Structures are given as structure tokens and as C-alpha cells.
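# Report on the structure
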Amino acid sequence: FSASNPLPVTIDTISGTAVDDFKDAAAVAANASDNHDYTVTADKTFYFDQVITTGSGKAKMQLSVETGVASGIFTIKFVQFNSTADSNMNVTLVDAITVAAGVRVRCTMTNRDNQPQDLYSTICGHEI
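The sections below set out a description of the structure shown in this document. (Residues numbered from 1 in each chain as written. Predicted model: local features only at pLDDT ≥ 70, side-chain atom pairs only at ≥ 80, totals over all residues. Heavy atoms only, no water.)

Here we come to the overall build of the protein chain. Looking only at helices and strands, one finds 0 helices and 8 strands in the protein chain. Summarising its shape, the C-alpha atoms of the protein chain cover approximately 65 × 40 × 20 Å along the three principal directions. The long-range share in the protein chain, meaning contacts at least 24 apart out of those at least 6 apart in sequence, stands at 77%. With the model as given, the accessible surface of the protein chain reaches about 7,400 Å², and the carbon-plus-sulfur share is 51%. In the protein chain, which carries 8 positive and 14 negative side-chain charges, the distance between the mean positions of the two groups comes to 9 Å. (Helix = DSSP H or I, 4+ residues; strand = E, 2+ residues; numbered from the N terminus. Contact = heavy atoms within 4.5 Å. Areas by Shrake-Rupley, 256 points an atom, 1.4 Å probe, with all protein chains shown as cover. Lys, Arg positive; Asp, Glu negative; His and termini not counted. Charge placed at Lys NZ, Arg CZ, Asp CG, Glu CD.)

Below, the structure is given as C-alpha cells:
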């Protein structure tokens with residue numbers, strides 16, 4: 001290594017295990033919904049920072065976080081709609097949402113088209 005050939009250095013501020021939890025909800029009927037739940041691993045904390053969703057037709061995505069372990073009560077964090085011209089939906093958070101062990105992150109996909117379609121979602125973050 002020298003001034004003309006320096007040692008490359010990268011700083012990784014994200015620790016823990018990466019989570020990219022994918023779901024393909026096949027043939028969701030028109031006006032019907034499908035839940036994609038990710039349950040945080042025991043003794044871990046999940047830092048949720050992105051959700052990516054798509055469908056071939058019109059769809060709605062709603063992201064919620066459960067209020068406590070197995071409470072069955074969810075707080076909506078955000079909602080997005082797509083169009084046939086732009087079918088992808090992506091929410092990337094600068095500041096991750098912290099989710100405790102055993103709590104569910106839920107992505108509800110709704111088919112807003114007039115025929116059945118596959119709806120895809122990926123819940124992303126890191127568990128520490």
C-alpha cells in the first residue's frame with residue numbers, strides 16, 4: 001500500500017443479521033387482501049427499514065406493526081397505492097422502526113384490479 005495505491009476502507013454501520021422476508025401471494029381475488037407477517041425472532045430486536053411490493057395490476061400496500069407480542073392489534077405506519085403504469089411500491093426509511101422480539105410486522109396487500117393477480121412483498125431490515 002502507498003499514497004498512489006491506498007488501502008480501501010468501508011464503514012458498515014448496520015450490524016446483525018439481514019432480513020429480506022419475501023412472499024408471493026398467488027391469485028389474490030379482485031378486491032381481496034392478503035397478509036404477509038414477519039415475526040421477530042426470540043431474543044432479537046428487528047430494525048425495519050424497507051418494504052418493497054408489486055403486482056401486475058392495481059394494488060394497495062399497508063404496513064403495520066403489532067402493538068405487542070400476540071396482541072393482534074396493529075398500528076398502521078404507512079400506505080401506498082400503485083398504478084398500472086408504475087406497478088412497484090417501495091418505502092425506504094432513513095430511521096428504522098424498532099420492533100421487539102415476538103412482535104409481527106404486517107404488510108397487507110390488496111388487489112384493486114378487476115381480476116385475480118399475484119401480489120409480491122418483501123419486508124427488509126436487520127435483527128440484532
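Strand order in the open sheet formed by 4 strands is E2-E7-E4-E5, with antiparallel pairing between adjacent strands. Every interior strand has two partners, whereas the edge strands, strand E2 (33–39) and strand E5 (74–81), have only one. Pairs of neighbouring strands in the sheet enclose a mean axial angle of 20°, with direction left out of account. As judged from the 7 bridges shared by E2 and strand E7 (residues 104–111), these two strands associate in the antiparallel manner. The residue of E7 that forms the bridge with Thr 39 is Arg 104. (Pairing = 2+ DSSP bridges. Axes fitted to C-alpha atoms, helices over the stretch in contact; angles between N-to-C directions.)

On the surface, Ile 76, Val 79 and Phe 81 cluster together into a nonpolar patch covering about 280 Å² of accessible area. A relative accessible area of 48% means that Ile 76 is categorised as partly exposed. (Patch = residues over 30% accessible without salt bridge, like charges linked within 9 Å, V, L, I, M, F, W, Y side chains within 5 Å. Salt bridge = Lys/Arg side-chain N within 4 Å of Asp/Glu carboxyl O. Buried < 20%, exposed > 50% of the residue type's maximum accessible area, 1.4 Å probe, protein only.)

Turning our eyes to something else, we now look at the pattern of salt bridges. In the structure shown here, the tally under the stated rule is 4 salt bridges. Here Lys 23 makes a salt bridge to Asp 34, at a shortest N to O gap of 2.7 Å. Placement of the pair is Lys 23 in strand E1 (residues 17–28) and Asp 34 in strand E2, with a sequence separation of 11 residues. Relative accessible area serves as the criterion here: at 25%, Lys 23 is assigned to the partly exposed category.

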